[in-house]
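# Structural characterization, general
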Amino acid sequence: MENLHSTAAAGGGEAEIRSEVSSLKEISDKDPVFCFFLHEGEEDENEERSNKGSSGEDVSGNMSVKVSDKLTKNPCQRQTETLIDRLQLQDKLQQKFSPEDFLQIRPPVTRHHVTSEKHLAHMFVRRLMMLDCRARYIPVRADSPEGTEPKPRPVTDIPEKHYSDWEVFLNTSVDTEQTRVHPMDVQMAVFHCSDSFLKQMMVTKLSQCQYALPLLVPDPVTMEIECPLWTFRQITKTWTATQIKDGSPIVTMKSVPVCKAQTPLVSFFRLGSLSVSKSQLMNALINDRHSTFFHRNCPGSTRSRHLMDGVAEIAWYCPAGKPTDAFRDCMAFCNLRGDALQIEKQRDILIEKSSINVFLVASLQKDEESRSLIAALFKSHKPLICLSDDDSCDAVKTKKGKYKMGLKGRNQSDVSEELKKIIREVLSSLEESSVKPSFQLEALAELSGVRVNESDPACQRGRSAALEIMQLITKDNMDISKIKEEFLPCQNHLWHQWIKIYKELKHLRGNSEKEKSKKQQKLMDMRQKQHAACCSKLMELFTNSLSALPPADREYFLKWTQIFMDALSTENISSVLQGYDEKWLEVLALKNKHDKSGLLLMKQTELQDLSQKLQSASFGLEHMFREMGHIYEAHRTTDGESRDADWCKYPELAAQLMISGHPVELMDGDAGHLPFTWISSLLEEVIQKLGDQRVFVLSVLGLQSSGKTSLLSSMFGLQPAVGAGRSTKGAFMQLLRVSEEMKTDVDYVLVVDTEGLQASGLDGNKTCYRDNELATFVIALGNVTLISIFGDDLLKIQDILQIVVQALMRMKKVQLSPRCVFVQDVPDVAAAEKNVDGKRRLQEHLDQMTKLAAEEELCDAERFSDVIDFDVQEDVKYCGQLWEGSPPMAAPNPAYSESLQEVKNTILSKASKFAGITLSQLRTKIRDLWNALLSENFVFSFKNTPEVVLYRKLEVLARKQTWILIRSMKTTEDQLFNTTENGTFYAAADQHGGARGFNESEEIPGHKEDLQHKDIAAAAA
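All values reported here derive from a predicted model rather than from experimental measurement.

Let us now look at the overall build of the protein. Within the protein, the secondary structure is distributed over 34 helices and 27 strands. A total of 1021 residues make up the protein; the buried ones form 50% of that total. Counting only contacts in the protein whose residues sit at least 6 apart along the sequence, the fraction spanning at least 24 positions is 74%. Total accessible area on the protein stands at roughly 48,900 Å², and carbon and sulfur atoms take up 49% of it.

Here is the structure:
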């Protein structure tokens, strides 16, 4: 290398320099990185000679500068630094990006939004958080007048007059020295500049977008191989496997975290330079409608890329249980980027771990190195498929597990179908063998020479603290349905009884001080019992870890605890569901036989027990934080104010998590109760840490499975408030900071996510009351409420809105100004134009119901918008369906995220006109609103306003008829009394064997006033 420097510096000729370069090529066989450097240097050298040589300039002098520059740094390091400089991420190599940098309220991003190169990385992450599948294809404008686009230039400096137009045309080339940044370079640059939590979030979003995920990642400077196992921990794959047993198919639904999924692995490698795209061929196997693996023909692709060679990406094929499935069970596909001849370490790892190895070679006849590698693999026991670029032969099986197929002149569709057939055949033969090979992500942690990011000390400390909790929970192999009862004593039947008495206390009417005092004493006794039972070992471990661990360790601790709990819940819920399905089939069979014996009743009872067990089996972090709130309220009620006790620190711990972006439970999802003492103290701690900031409250409402979680995820990048496999229950609030670029009077947006209305977990009467109460609460609390509607759910949601309107009319003491925006999921992109008449009918129906409710409540409201601010022209939005195709392999619909950005723009427009409320005002509003809801026990029991009107008409009629009956009875009583006074009645009674007479002490009182004030509603309910 020194000789090369000296020769170039001394002005040696080109031949001398070439001699030195040739001598260095021997080193390249031992050093792949240096080999890459040489090839790149030769390309630059050839380009320089073609540009300068014809003009007679001193080629060697120019090369001395070029070669000297290339030898000062490792070429990979130099390329990475150039890329990082172009993306302006220099400061993020040390101070990494975190989720908080992107989970902020920013202006909406549209499909045609053009950004500058320096903002490319930020725009990629923001669009990825929106679940926008086009996040990789971002239009870029030039950062300077010259720009980064290629510029045409003549190939020589000879005056143009010596050339004809045809010769100028032939000799014009394009300067490609500075081209666009490769989309995958942007992704990997952000990946290298992110902390572990943002990496995990990015990989989770990439998985949701059905993109391949980085599995083995070489460090661009040290070339150390890392397996980012931590980034896969939040991903769960669901599929329907089909097995043939005794000639009939058996279909099984599976939902497994990808880290624990045991699947066959098919790995693809490229040897040399090919005319076909390996990644494009893999896409045809997995999902021919979606570019799971980025390839050369994707939009935005460029010839040069710097951070992808040596990266191994992985994706999973998940069958839907249909005849059209390419494979009958879940399979993993791995793609090694770059020339596998030069990337030995990753290649050897994947060959060892794979069930099937697929090699695409330029030529087996001409390339000695490729032939040697394939020959070695041919002798091994691993199945091998060799695809040759210079061969046109059909697929042929040479020996067991060894296949060869040509690619030359072949249609890609035919090749992919042949490849699927071969893979199915190989897997079928492997299943018949005694040892079925399978791949598991967690097994990569055992590899030597590969660094696993979970070995980070902070991650290990958080994992150890989480394992202590899980060991305590699982040490006695306790049924998961009994875990909450054992370890979370404040949430057992005693708590539900406390809520029932508490609501009865709020519903007391008239002069009932004795009853009130009695109920208050019962509540205090129950709090005393909670106080005595609340200090469980589990909660002690949990709260000690929260308070003692540093911020990074604490974040890992919470993540690991959620991961372990999700795994426990998923495993147990799956078994309970399987038992439930079997029992349900038995019940159906007995019903079809018209079984009248006690067997049917017994099976139905068992089915009900399984249903209850299924409800109790849900266990996650939200239950732990709820227990913290119960402990705090129990101690606060019985012990009063205290500063030294451990329970006094609970609001501060929860406030720290809320400020960092964690969702906090606002309303208990199991009992339908808002623990205001706990919420008030929590908000007080937030005020202490942030100041009395101004917030804009955005709440979300919709029927179950209407897409509320997807809506929030696409709009703001939020993760579900509860763990995998469970639906949101109750209401959760999450604090999002408003970025400085928004320039509004609001500092934060408080997002309130709610459980789906008309959930199947409750019986009919409880569902109606709970839905009406919850909908009224979130609409009244929110400055804007997004109402998510899927398909024809609009008809169902209208009934609930009628009750909400009437309830808001009855809560006159609470100052409210709610607004609503409807977001309807429709398959037709022209829905807005086609549903003009539907909007008109919606407006008329809501106005009619409002007027009806106003008459009942003696209000002067004439229109729906008089109670809830609503403009049918501006506040009804249509969005495409979330998935483009059929799950589980469907990718998110780009039109969905695009339309939700318009919704976001509407919300931010409303927020910009709103001064916001302070956190202390929010606390007061929650208190007043909750007290008003507790006092309302009439209107929530009805399905809609016409039912209320009909009930009150029946009530008036019943009172009228009751009074007529009482008056008739009084008249009859008087007549009988007069008869007995004359002695006639007893004589008649003796004739009939005796009869009971009436006297004055048994006279029926005519308390008309009492009857008019009687609460018939409770009896009717």
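Throughout the structure, instances matching the rule amount to 21 aromatic pairs. On the basis of an interplanar angle of 75 degrees and a centroid distance of 6.3 Å, the ring pair of phenylalanine 232 and tryptophan 316 is categorised as edge-to-face. Of the two residues, phenylalanine 232 sits in the loop between β7 (225–227) and β8 (236–245) while tryptophan 316 sits in strand β11 (residues 312–317), which places them 84 residues apart along the sequence. Take phenylalanine 232 and tryptophan 316: they sit in the same class, and that class is buried. Within the aromatic cluster, the residues linked to one another by ring pairs are Phe197, Trp230, Tyr556, Trp560 and Phe564. When the ring centre of tryptophan 560 is taken as reference, the NZ or CZ atom of arginine 463 above it lies at 5.2 Å. Between arginine 527 and the ring centre of tryptophan 498, over which it is positioned, the NZ or CZ distance is 4.3 Å.

For the coordinates displayed, the defined rule picks out 38 salt bridges. Its salt-bridge partner being arginine 347, residue aspartate 348 comes within 3.5 Å of it at the nearest N-O pair. Two residues, arginine 461 and aspartate 553, come together in a salt bridge whose shortest N-O distance is 2.4 Å. Taken as a pair, arginine 461 in helix α14 (residues 457–474) and aspartate 553 in helix α19 (residues 551–592) lie far apart in primary sequence, 92 residues in all. Relative accessible area serves as the criterion here: at 44%, arginine 461 is assigned to the partly exposed category. On the basis of relative accessibility, which here comes to 3%, the residue aspartate 553 falls in the buried class.

Pairing in this open sheet of 10 strands is mixed, and the strands run β15-β16-β14-β13-β10-β12-β11-β6-β7-β17 from one edge to the other. In the strand order of this sheet, the two ends are held by β15 (396–399) and β17 (451–452), each with one partner. This element, helix α10 (residues 278–286), spans β10 (265–271), β11, β12 (331–339), β13 (356–361) and β14 (384–388) of the sheet and lies at about 170 degrees to β12. The strands that helix α13 (residues 412–432) touches are β10, β12, β13, β14, β15 and β16 (402–406); relative to β16, the one it contacts most, it runs at about 180 degrees.

Applying the stated rule across the entire model yields 7 cavities of 30 Å³ or more. Those elements giving two or more residues to the lining of the second largest cavity turn out to be α6 (120–129), α24 (708–716) and α29 (894–912).

Moving on, we get to the confidence of the model for the protein. Here the protein averages 81 in pLDDT, while 81% of its residues score no lower than 70. Within the protein, the lowest mean pLDDT, 37, falls on helix α3 (residues 32–52), and the highest, 97, falls on β11. Contacts from residues 144–150, a stretch scored under 50 in pLDDT, to residues over four places away or in other chains number 11 contacts. Between residues 986–1021, whose pLDDT stays under 50, and residues either more than four places distant or in other chains, the model counts 31 contacts.

Along the chain, the position of glutamine 734 falls in strand β20 (residues 731–738). Of the polar contacts made by the side chain of glutamine 734, one reaches the backbone oxygen of glycine 661; its length is 2.7 Å. Excluding residues that lie within four positions of it along the chain, glutamine 734 makes contacts with Gly661, His662, Pro663, Leu718, Val749, Leu750 and Val751.

It is worth spelling out the pairing of β15 at this point. Pairing between β15 and β16: 3 bridges, direction antiparallel. Along β16, the bridge assignment pairs valine 396 with lysine 404. Between β15 and β16, which follow one another and run antiparallel, lie 2 residues, and glycine 401 among them has a positive phi close to 80 degrees.

Turning to the state of the cysteines, a few remarks are in order. Any covalent bond linking the sulfur atoms of two cysteines counts as a disulfide. Following the criterion strictly, the structure yields 0 disulfides and no others. Cysteine 209 provides the cysteine sulfur closest to cysteine 133, a residue in no disulfide bond, and the two sulfurs are 4.3 Å apart.

Criteria and thresholds
Residues numbered from 1 in each chain as written. Predicted model: local features only at pLDDT ≥ 70, side-chain atom pairs only at ≥ 80, totals over all residues. Heavy atoms only, no water. Helix = DSSP H or I, 4+ residues; strand = E, 2+ residues; numbered from the N terminus. Buried < 20%, exposed > 50% of the residue type's maximum accessible area, 1.4 Å probe, protein only. Contact = heavy atoms within 4.5 Å. Areas by Shrake-Rupley, 256 points an atom, 1.4 Å probe, with all protein chains shown as cover. Phe/Tyr/Trp six-rings, centres within 6.5 Å; stacked < 30°, edge-to-face > 60°. Lys NZ or Arg CZ within 6 Å of the ring centre and 35° of its normal. Salt bridge = Lys/Arg side-chain N within 4 Å of Asp/Glu carboxyl O. Pairing = 2+ DSSP bridges. Axes fitted to C-alpha atoms, helices over the stretch in contact; angles between N-to-C directions. 1 Å grid on protein atoms, 1.4 Å probe; cavity = no way out; pocket = protein on both sides within 12 Å on 5 of 7 lines; lining within 4 Å. Points joined across faces, edges and corners; volume = space filled by probe spheres on them. pLDDT = per-residue confidence, 0-100. Polar contact = N/O pair within 3.5 Å; in protein donor to acceptor, adjacent residues only side chain to side chain. Disulfide = S-S within 2.5 Å.

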